[in-house]
Amino acid sequence: MDIWKKIKTEYVSGGTSYRKLAEKYDVSLTTLQRIAKKEKWLDLRRQAESKAATKIVEIESDKQAERM
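Residues numbered from 1 in each chain as written. Predicted model: local features only at pLDDT ≥ 70, side-chain atom pairs only at ≥ 80, totals over all residues. Heavy atoms only, no water.

Novice: So what's going on with the environment of Ala 52? Residues and values would help.
Specialist: With respect to the helices and strands, the residue Ala 52 is situated in helix H4 (residues 41-67). The exposure class assigned to Ala 52 is partly exposed, which follows from its relative accessible area of 40%. It is 19 Å that separates the C-alpha atoms of Ala 52 and Ser 17, two residues lying 35 residues apart in sequence. (Helix = DSSP H or I, 4+ residues; strand = E, 2+ residues; numbered from the N terminus. Buried < 20%, exposed > 50% of the residue type's maximum accessible area, 1.4 Å probe, protein only.)

Right, here's the structure in full:
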């Protein structure tokens, strides 16, 4: 996997910033930001967070239904 795919995956999955990723992978923060903007990483991260939240609600609803 190329470095930019790794960085993108790590960013989209959440929990880290562009700055931390730039330092971790020893890449230019400006370049990382440019690529992220072009590929709409923030939108992808929000979609992933939304899907995760929906899944949590579904799981909790199922648990509650089983208790009843």
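Novice: Now, about the environment of Tyr 18: what can you tell me, with residues and values included?
Specialist: Position of Tyr 18 among the secondary structure elements: in helix H2 (residues 18-25). Along the sequence, Tyr 18 and Lys 8 sit ten residues apart, while their C-alpha atoms lie 9.7 Å from each other. With near-sequence residues (within four places) excluded, Tyr 18 lies in contact with Tyr 11, Leu 29, Leu 32, Gln 33, Ala 36, Trp 41 and Leu 42. (Contact = heavy atoms within 4.5 Å.)

Novice: Pulling in residues and values, what's your account of the packing of aromatic side chains?
Specialist: The geometry of an aromatic ring pair is captured by two quantities: the separation of the ring centres and the angle between the planes. Across all of its chains, the model carries three aromatic pairs by this definition. Consider the rings of Tyr 11 and Tyr 18, whose centres lie 4.6 Å apart with planes at 35 degrees: the pair is tilted. Using a relative accessible area of 5% as the deciding quantity, one classes Tyr 11 as buried. Taking 6.3 Å as the distance between ring centres and 65 degrees as the angle between the ring planes, the aromatic pair formed by Tyr 18 and Trp 41 counts as edge-to-face. Of the two residues, Tyr 18 is situated in helix H2 and Trp 41 in helix H4; the sequence distance between them amounts to 23 residues. (Phe/Tyr/Trp six-rings, centres within 6.5 Å; stacked < 30°, edge-to-face > 60°.)

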